[in-house]
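The primary structure of each chain is shown beneath.
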Amino acid sequence: MNTQLLNSDLRANWIALNTIVYREIRRFTRIWPQTLLPPAITMVLYFVIFGNLIGRQIGDMGGFSYMEYIVPGLIMMSVITNAYGNVVSSFFGSKFQRNIEELLVSPVSPHTILLGFTIGGVLRGLAVGLIVTLLSLFFTKLQVHHLGVTVLVVLLTATIFSLGGFVNAVYARNFDDISIIPTFVLTPLTYLGGVFYSISLLPPFWQTVSLANPILHMVNAFRYGILGVSDIGIGIAISFMLVATALLYVVCIRLLVSGRGMRQ
């Protein structure tokens, strides 16, 4: 009897997970001119302005052309912003429309709900990252040096910022609140995260300060996977991302279970 109940519960949660993920995928693919096209156009502008025009004046960096050097960072920037943006807008939209309450009172595990929204964010981040990667091939050549590191880092990064978007959505009270963190936190950290430069160019004091920027670790770990070079230790970067993923997951689950911030 207990086995039948367990199987029934697992099946119900599996169906719920698939439903949430499918809804999330349909959500950003249905309006692809708003979700997938704008970041692609933005990255092309970065490639043209920073890679071609400014890059010619800068020359090589870290043993690579400037274009080659910034491409991994730009790919990672697109993954970060889109993974975060998908979850924060989707979950807050559910709160605003008050259908999240129906999901919370249903016999669905909080882990299933969280995984559904997180996977949706990860998939959108990876989709945009893939588009940007393909576009970058028109401007430079990419050769992946460490495939395992590359895949692990991009998955962990997309997961971290999907979970971060979930936290933002829980505490947001209006649509303005979901833009505060991306505008005043993510954007500065991204631009100061070694996307466009090597921290070896900075004075020793600012190199040390830069190490407190989590995005610096993600960008450099991804750059190591693509180019084989990094300003920081890869083991430290990956360990940080694993710990951050676990901590954020625990925080998100506690927020779901407590129901804090779920009502508008």
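Residues numbered from 1 in each chain as written. Predicted model: local features only at pLDDT ≥ 70, side-chain atom pairs only at ≥ 80, totals over all residues. Heavy atoms only, no water.

1. Overview of a nonpolar patch on the surface
Okay, so step 1: A contiguous nonpolar patch, built from W32, L37, I41, L45, V48, I49, L53, I54 and I58 and spanning about 770 Å² of accessible area, is present on the exposed surface.
Okay, so step 2: In terms of residues, the nonpolar patch owes the most to one element, helix α3 (residues 37–58), which gives 8 residues.
Okay, so step 3: Examined against the element boundaries, L37 turns out to sit in helix α3. (Patch = residues over 30% accessible without salt bridge, like charges linked within 9 Å, V, L, I, M, F, W, Y side chains within 5 Å. Areas by Shrake-Rupley, 256 points an atom, 1.4 Å probe, with all protein chains shown as cover. Salt bridge = Lys/Arg side-chain N within 4 Å of Asp/Glu carboxyl O. Helix = DSSP H or I, 4+ residues; strand = E, 2+ residues; numbered from the N terminus.)

2. Describing the UniProt feature "domain: ABC transmembrane type-2" (unreviewed entry) in the protein
Okay, so step 1: Under the UniProt annotation, the feature "domain: ABC transmembrane type-2" (unreviewed entry) is placed at residues 30–259.
Okay, so step 2: Between the C-alpha atoms that bound residues 30–259 the distance is 30 Å, and the span itself is 77% helix and 2% strand. (UniProt positions renumbered as here; feature names shortened; annotations may be inferred.)

3. Section: the packing of aromatic side chains
Okay, so step 1: On inspection of all chains with the given rule, the structure shows 12 aromatic pairs.
Okay, so step 2: With centroids separated by 5.8 Å and ring planes inclined at 45°, the aromatic side chains of Y46 and F196 adopt a geometry described as tilted. Of this pair, Y46 sits in helix α3 while F196 is found in the loop between α8 (177–191) and α9 (204–210), placing the two residues 150 residues apart along the sequence.
Okay, so step 3: On the numbers, 5.9 Å between centres and 15° between planes, the contact of Y191 with F196 is stacked.
Okay, so step 4: Residue Y191 is classed as partly exposed on the basis of its relative accessible area, which comes to 35%. (Phe/Tyr/Trp six-rings, centres within 6.5 Å; stacked < 30°, edge-to-face > 60°. Buried < 20%, exposed > 50% of the residue type's maximum accessible area, 1.4 Å probe, protein only.)

4. Some points on the UniProt feature "transmembrane region" (unreviewed entry) in the protein
Okay, so step 1: Mapped onto this numbering, the UniProt entry gives "transmembrane region" (unreviewed entry) at residues 36–54, 69–92, 113–139, 151–172, 184–206 and 226–257.
Okay, so step 2: Between the C-alpha atoms that bound residues 69–92 the distance is 36 Å, and the span itself is 100% helix and 0% strand.
Okay, so step 3: Its end C-alpha atoms 31 Å apart, residues 151–172 is made of 95% helix and 0% strand.

5. Some details on the environment of V229
Okay, so step 1: Position of V229 relative to the elements: it lies in the loop between α10 (214–227) and α11 (234–258).
Okay, so step 2: Placed 23 residues apart in sequence, V229 and W206 show a C-alpha to C-alpha distance of 20 Å.
Okay, so step 3: With residues near it in sequence (within four places) discarded, V229 still touches G62, F64, N220, R223 and Y224. (Contact = heavy atoms within 4.5 Å.)

6. Quick word on helix α6 (residues 110–136)
Okay, so step 1: If you check α6, its first and last C-alpha atoms are 39 Å apart, about what 27 residues at 1.5 Å a residue would give, namely 39 Å.
Okay, so step 2: For α6, the N-terminal cap is S109; the gap from its side-chain oxygen to the backbone nitrogen of H111 is 3.1 Å. (Expected span 1.5 Å × (residues − 1). Polar contact = N/O pair within 3.5 Å; in protein donor to acceptor, adjacent residues only side chain to side chain.)

7. Points about the nonpolar core
Okay, so step 1: L74, F91, V153, F161, F166, F196 and M241 are the most contacted members of the largest nonpolar core, which has 71 residues in total.
Okay, so step 2: Listed by contribution, the elements that provide at least two residues to this core are α1 (2–30), α3, α4 (66–96), α6, α7 (147–171), α8, α10 and α11.
Okay, so step 3: Counting residues per element, this core draws most heavily on α4, which supplies 17 residues.
Okay, so step 4: Apart from residues lying up to four places away in sequence, F166 is in contact with V87, F91, L114, F117, C252 and L256. (Core = buried A, V, L, I, M, F, W, Y, C linked by side-chain atoms within 4.5 Å.)

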